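Listed below, chain by chain, are the residues.
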Amino acid sequence: MLTYAINRAVQFALSLLVASVAVFALMSLLPGNAAQVALGTNATPEAVAALEAQYGLDRPPLIRYFDWMGGMLTGDFGTSYVTGAEITPVIVGSVQVTAILVVAAIAVSIVIAVPLGTFAALEQRNWIGVTISGLSQVGIAIPNFLAAIILVIVFSLTLGWFPSQGWMAPIEGLGGFLLRLVLPVVSLALVQAAILTRYVRSAVLDVMREDYIRTARAKGLTRTKALFVHGLRNAAIPVITVAGVQLATLLVGAVIIEQIFVLPGIGSELVRAVANRDLVAVQGIVMVLVLLVLIINLIVDILVPIVDPRIRNAA
């Protein structure tokens, strides 16, 4: 297991290195002058040259890349060309908001999808199982932003149960924090739960057809007990993989939900930085998103062989 984990960690580091080069190269190839954008169209060439020298934009790209990477490794994401403020506190604060939103959404989706998907598989020939499958198909077809708008209209504007926008940190008041978290989390969780329900149902059905389940039932176990005792471990493997992919997707896709509910998350900061052409902030935010996605993939790669050692031995 140690060798397997080391190999995955090396792959993680190499992937992060390649991603950093790609992000820096793409930002450098964008047309326009960052100093000119920061100073405005009326800036003199002397002022532009001075700002380029101040931020090191006149240095060779390779030197700027190593300075940028060295800063990030020490937690320094640089200074905004537009506002002149440090980028690190902004990224740290916005990542916390997005992390709370995404982790809560994936947790809710798992809590909904695992029992529903398992029940839909066990009762696939009954009307209940068919209904769950049908509703999950409908849920997959509904975009997150549409679910968010419907929830706002029903539970905020009509019933007045929850605020429609804004953010409150837990230390400012747990009640207000939870009230403002409900609608965004449910907006993300409903669609993800529908997708995950389909995968859970499919995984359980595949396991129920295995020979060891038939053997367990031949020994006197009921279908449900045979599944819970012998089958859920194997059924969890594809579910863990899909949940990891969903979590990574939510990190990037939460930007629309953050815009609808006016949440100061990493997606909102990315939109603001792009609109202001703040390339240093864009680089830092994109790298943080890449890092989080790679960490999620690494965790999934380590969890799967723990659940099924055969995968680890075959690697």
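Just above sits the structure.
The following paragraphs examine the structure supplied in this document. Source: prediction; values computed, not measured. Once a new chain begins, its residue numbering starts again from 1 and follows that chain's sequence as written. Only residues with pLDDT of at least 70 are given local features in this predicted model, and only at 80 or more are side-chain atom pairs given and counted; all residues enter the totals for whole chains, interfaces and linings. Processing note: side-chain calculations cover all non-hydrogen atoms of the structure and skip hydrogens and water entirely.

1. Some details on the overall build of the protein
Secondary structure counts use DSSP, requiring at least four H or I residues in a row for a helix and at least two E residues in a row for a strand, with both numbered from the N terminus. Within the protein, the secondary structure is distributed over 13 helices and zero strands. Its helices and strands taken in sequence order, the protein reads α-α-α-α-α-α-α-α-α-α-α-α-α from the N to the C terminus. Relative accessible area decides the class of each residue, using a 1.4 Å probe on protein chains only: under 20% of the type maximum gives buried, over 50% gives exposed, and in between gives partly exposed. A total of 315 residues make up the protein; the buried ones form 39% of that total. The contact criterion used throughout is that any non-hydrogen atoms of two residues lie within 4.5 Å. In the protein, once contacts between residues fewer than 6 apart in sequence are set aside, the share between residues at least 24 apart is 71%.

2. A closer look at the pattern of salt bridges
The rule for a salt bridge is simple: a side-chain nitrogen of Lys or Arg has to be within 4 Å of a carboxyl oxygen of Asp or Glu. Applying the stated criterion across every chain yields a total of one salt bridge. For Glu-269, the salt bridge is made with Arg-272, and the minimal N-O distance between the two is 3.0 Å. With Glu-269 and Arg-272 both in helix α11 (residues 266-275), this residue pair falls three residues apart, about one helical turn.

3. Some words on α11
Among the residues making up α11, those that are buried are Ile-266, Gly-267, Ser-268, Glu-269 and Ala-273. Within two residues after α11, Arg-277 carries a phi angle of roughly 55 degrees, on the positive side.

4. Things to note about helix α7 (residues 144-158)
Working rule for helices: expected span equals 1.5 Å times residues minus one. Look at α7: 20 Å from first C-alpha to last across 15 residues, which is about the 21 Å you get at 1.5 Å a residue. The largest bend along α7 reaches roughly 30 degrees and is located at Val-152. Three or more residues of α7 are buried, namely Asn-144, Ala-147, Ala-148, Leu-151, Val-152 and Ser-156. Gly-160, located one to two residues past α7, shows a positive phi value of around 70 degrees. Values of bend correspond, residue by residue, to the angle between axes fitted over the seven residues ending at that residue and the seven starting there.

5. Focus: the packing of helix α5 (residues 88-122) against helix α8 (residues 174-208)
The geometry of α5 relative to α8 is characterised by a closest axis approach of 5 Å and an angle of 35 degrees between their N-to-C directions. Relative to α8, α5 is oriented so that their crossing is right-handed. Looking at the contact of α5 with α8 residue by residue, the classes come out as 25 nonpolar, five polar and one charged. In this analysis, axes come from line fits to C-alpha atoms, helices being fitted only over the stretch in contact, and the angle between any two N-to-C directions falls in the range 0 to 180 degrees. When the near helix sits turned anticlockwise from the far one by under a right angle, the crossing is termed left-handed; a clockwise turn instead gives a right-handed crossing. Note on residue categories: nonpolar means Ala, Val, Leu, Ile, Met, Phe, Trp, Tyr, Cys or Pro, charged means Asp, Glu, Lys or Arg, and polar means any other residue, Gly included.

6. Considering the packing of α5 against helix α6 (residues 127-141)
The N-to-C vectors of α5 and α6 enclose an angle of 130 degrees; their axes lie 8 Å apart at closest approach. For the element pair α5 / α6, the angle class is oblique. By crossing handedness, the relation of α5 to α6 is classed as left-handed. Here Leu-116, Phe-119 and Ala-120 of α5 lie close against α6, whose contacting residues are Ile-128, Gly-129, Ile-132 and Ser-133. Orientation categories follow fixed angle ranges, with anything under 35 degrees roughly parallel, anything over 145 roughly antiparallel, 65 to 115 roughly perpendicular, and all other angles oblique.

7. A word on the packing of aromatic side chains
Whether two aromatic rings pair depends on their centres lying within 6.5 Å, for rings of Phe, Tyr and Trp, where Trp uses its six-membered ring; planes under 30 degrees apart make the pair stacked, over 60 edge-to-face, and the rest tilted. Applying the stated criterion across every chain yields a total of three aromatic pairs. Measuring from centroid to centroid gives 5.5 Å for Phe-24 and Tyr-65, while their planes differ by 70 degrees, and the two rings are edge-to-face. Of this pair, Phe-24 sits in helix α1 (residues 2-29) while Tyr-65 sits in helix α4 (residues 61-73), placing them 41 residues apart in sequence. According to the relative accessible area criterion, Tyr-65 is buried, its value standing at 9%. In textbook terms, an aromatic cluster arises when at least three aromatic residues are bridged by ring pairs, as seen for Phe-24, Tyr-65 and Phe-66.

8. Focus on unusual backbone geometry
Residues other than glycine seldom take positive phi values, yet Val-262 does so here, at roughly 55 degrees. Checked against the element boundaries, Val-262 lands in the loop between α10 (223-260) and α11. Residue Val-262 is classed as partly exposed on the basis of its relative accessible area of 46%.

9. Description of a nonpolar patch on the surface
Candidates for patches are residues over 30% relative accessible area with no salt bridge; among them, like charges are joined within 9 Å and nonpolar side chains (Val, Leu, Ile, Met, Phe, Trp, Tyr) within 5 Å. In this description, accessible areas are obtained by the Shrake-Rupley approach with a 1.4 Å probe, and a residue is regarded as covered only by the protein chains that are shown. Taken together, the side chains of Phe-145, Leu-146, Ile-149, Ile-150, Ile-153, Val-154, Leu-157, Leu-159, Trp-161 and Ile-256 present a nonpolar region at the surface, about 920 Å² in accessible area. With seven residues, the top contributor of residues to the nonpolar patch is α7. Mapped onto the fold, Ile-150 is located in helix α7. For Ile-150, a relative accessible area of 42% corresponds to the partly exposed category.

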